[in-house]
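Coordinates in review
What follows is each chain in one-letter form.
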Amino acid sequence: TSFYFIFFNFFSNEIFIMKIMLTGSNGLLGQKIIQKISNDDRFEIIATSLGNCVVKSGNFKYYPLDVTNQEKINQFVSKHLPDAIINTAAVTNVDYCEQNKIHCDNVNVKAVDYLSKICAKKNIHLVHISSDFIFDGNKNDLYNENDKPNPISYYGLSKLKSEKILYDKKFNWTILRTIVVFGVAKNLKKTNIVLWAIDQLRNEKKIKIIDDEFRAPTLAEDLSEACINVIICKAYGIYNTSGPKVMSIYEIVVEIAKHFNFPVQNIQRINSKILAQKAKRPKFTGFELTKAKEKFNYNPKTFKESLSIIENQIKMNK
């Protein structure tokens, strides 16, 4: 598409290479972004995360960095001066956040404040990932970018706080809201619904799955492409970037079982009230995707297509 162009300076005949800094590069989305552009000559990647780098191939530089340390953030960004920063670092375990509010705020809120301040100072485009959990789930229709947030969990509140930090800032920022991101990657600290379900069903475990919460699961590759395209297209503001179809969690797991030929009778449908989870979850979250489709050609795969991609990646990783 026309979005993929070489940055060319006609006056000096030089190709302009865009420098992109990543936070949370050891996570699922961070790894997918590295995979997507690390061998693309148009980009230079500076990947950062906690601990050692888990991605072993690709053309990028890696540095350990703690996003909750403002002084380190300022020094690092001032030294490397990226054109854009994609912030994928986050604490996303909803029940954990409910019980560990300080840690949740340090990573999900304060780090965004630190990044926003240095980006404003150095004129850097900040791309920040947000969540469907900023909504209460009572709309029973697709949420658009202008709907009023009303989080019902501390995790959701932390994501809304992080968004509000950016709303009034006078520099270039993009918020990408997403839903249940899944995919295959190396050495992930946390699993995701698709990998978890495959693992359980492959081992013929009987699993209980809720049928009264509805989500639009998002392939990590689709979200990583959105992260890059908003930078290329200079798409600023808030965009919904999720999977295209809303399903109950039960339907999601049944579709996984059918795709991989696991017995569906091992899946028992239950009501969420039985689980007594520490944090409340929104009942229904699906996104209206028109704005992202029109602005930067966002075109997410169907869940079926996504499962075929996952299947191939699992085979390749063996």
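Up top you'll find the structure we're talking about.
In this report, we go over the structure that sits alongside the text. Predicted model only: the values in this text are computed from it and were never measured.

Here the focus is the overall build of the protein. Counting secondary structure elements, the protein contains ten helices and 15 strands. Over its C-alpha trace the protein gives a radius of gyration of 19 Å, about what one expects of a compact globule, namely 20 Å for 318 residues. Based on the C-alpha atoms only, the size of the protein along its principal axes is roughly 65 × 40 × 40 Å. Looking at the protein as a whole, 55% of its 318 residues are labelled buried. Looking at the protein, you have 45 positive and 32 negative side-chain charges, and the mean spots of the two groups are 4 Å apart.

On to unusual backbone geometry. Backbone geometry at Glu-204 places phi at a positive 55°, although glycine is not the residue there. Among the secondary structure elements, Glu-204 is positioned in the loop between α6 (193-202) and β10 (207-210). Using a relative accessible area of 62% as the deciding quantity, one classes Glu-204 as exposed. One non-glycine residue with positive phi stands out, namely Asn-297, at about 60°. As for its placement among the helices and strands, Asn-297 is situated in the loop between α9 (290-296) and α10 (303-317).

A few words on the pairing of strand β4 (residues 43-49). Along β4, six of the seven residues are buried, which leaves the element largely enclosed by surrounding structure. Relative to β4, strand β3 (residues 18-23) runs parallel, the two sharing five bridges. Pairing of Ile-20 across the sheet is with Ile-45, part of β4. The handedness of the β3 to β4 crossover, carried by helix α1 (residues 28-37), is right-handed. In the sheet, β4 pairs with strand β5 (residues 61-64) via four bridges, with the strands oriented parallel. Bridge pairing links Ala-47 to Tyr-62 in β5.

What follows deals with α10. In an α-helix, one full turn covers 3.6 residues, which means residues spaced three or four apart are oriented alike. Over its 15 residues, α10 extends 21 Å from the first C-alpha to the last, a length consistent with the 21 Å expected when each residue adds 1.5 Å. Buried within α10 we find Phe-303, Ser-306, Leu-307, Ile-310, Gln-313 and Ile-314. The buried residues of α10 occupy an angular sector of 125° when the element is viewed end-on, so they sit on one face. The exposed residues of α10 that point more than 90 degrees off its buried face are Lys-304, Lys-315 and Met-316.

For helix α4 (residues 101-122), with 22 residues, the first-to-last C-alpha span of 30 Å sits near the 32 Å given by 1.5 Å per residue. By the largest-angle criterion, Lys-110 marks the main kink of α4, which is about 30°.

Tallied over the full model, the rule gives 14 salt bridges. Where Lys-61 meets Glu-44, a salt bridge forms, and the shortest distance between an N and an O atom there is 3.7 Å. With Lys-61 in strand β5 and Glu-44 in strand β4, the pair connects residues that are 17 residues apart, well separated along the chain. Of the residues examined, Glu-44 reaches a relative accessible area of 28% and is grouped as partly exposed. Through salt bridges that share partners, Asp-132, Glu-213 and Arg-215 make up one connected network.

Another aspect to go through is the nonpolar core. One finds Ile-86, Leu-176 and Phe-296 to be the most contacted residues of the largest nonpolar core, which totals 41 residues. Residue assignment for this core shows that the elements contributing at least two residues are β3, α1, β4, β6 (84-87), β7 (125-131), α7 (220-232) and α9. Of the residues forming this core, the biggest block, seven residues, is contributed by α7.

Running from N to C, α1 and α7 cross one another at 65°; their axes reach a closest spacing of 9 Å. Judged on the interaxial angle alone, α7 and α1 are roughly perpendicular. Pair α1 / α7 crosses with right-handed handedness. Two secondary-structure elements touch here, α1 through Leu-28, Leu-29, Lys-32, Ile-33, Lys-36 and Ile-37 and α7 through Ala-220, Glu-221, Leu-223, Ser-224, Glu-225, Cys-227 and Ile-228.

Quick look at the side chain of Arg-215 now. In this fold, Arg-215 is placed in strand β11 (residues 214-215). Polar contacts involving the side chain of Arg-215 include one to the side chain of Thr-285, which spans 3.3 Å.

Below, the discussion takes up the packing of α4 against helix α5 (residues 154-167). Angle between the axes and distance between the axes are the two parameters that describe a pair of packed helices. α5 packs onto α4 with a crossing angle of 15° between their chain directions and a minimal axis gap of 9 Å. Compared by their axis directions, α4 and α5 come out roughly parallel. Crossing geometry of α4 relative to α5 is assigned as right-handed. Of the residues in α5, those in contact with Lys-101, Cys-104, Asp-105, Asn-108, Val-109, Val-112, Asp-113 and Ser-116 of α4 are Tyr-154, Tyr-155, Ser-158, Lys-159, Lys-161, Ser-162, Ile-165 and Leu-166. Looking at side-chain class alone, the contact of α4 with α5 contains seven nonpolar, four polar and five charged residues.

Conventions used here
Residues numbered from 1 in each chain as written. Predicted model: local features only at pLDDT ≥ 70, side-chain atom pairs only at ≥ 80, totals over all residues. Heavy atoms only, no water. Helix = DSSP H or I, 4+ residues; strand = E, 2+ residues; numbered from the N terminus. Rg over C-alpha atoms; globule rule 2.2 N^0.38 Å. Buried < 20%, exposed > 50% of the residue type's maximum accessible area, 1.4 Å probe, protein only. Lys, Arg positive; Asp, Glu negative; His and termini not counted. Charge placed at Lys NZ, Arg CZ, Asp CG, Glu CD. Pairing = 2+ DSSP bridges. Right-handed = clockwise from strand over helix to strand, strands pointing away. Expected span 1.5 Å × (residues − 1). Arc of directions from axis to C-beta. Bend = angle between axes of the 7 residues up to and from the residue. Salt bridge = Lys/Arg side-chain N within 4 Å of Asp/Glu carboxyl O. Core = buried A, V, L, I, M, F, W, Y, C linked by side-chain atoms within 4.5 Å. Axes fitted to C-alpha atoms, helices over the stretch in contact; angles between N-to-C directions. Parallel < 35°, antiparallel > 145°, perpendicular 65-115°, else oblique. Left-handed = near helix turned anticlockwise from the far one by under 90°. Contact = heavy atoms within 4.5 Å. Polar contact = N/O pair within 3.5 Å; in protein donor to acceptor, adjacent residues only side chain to side chain. Nonpolar A, V, L, I, M, F, W, Y, C, P; charged D, E, K, R; others polar.

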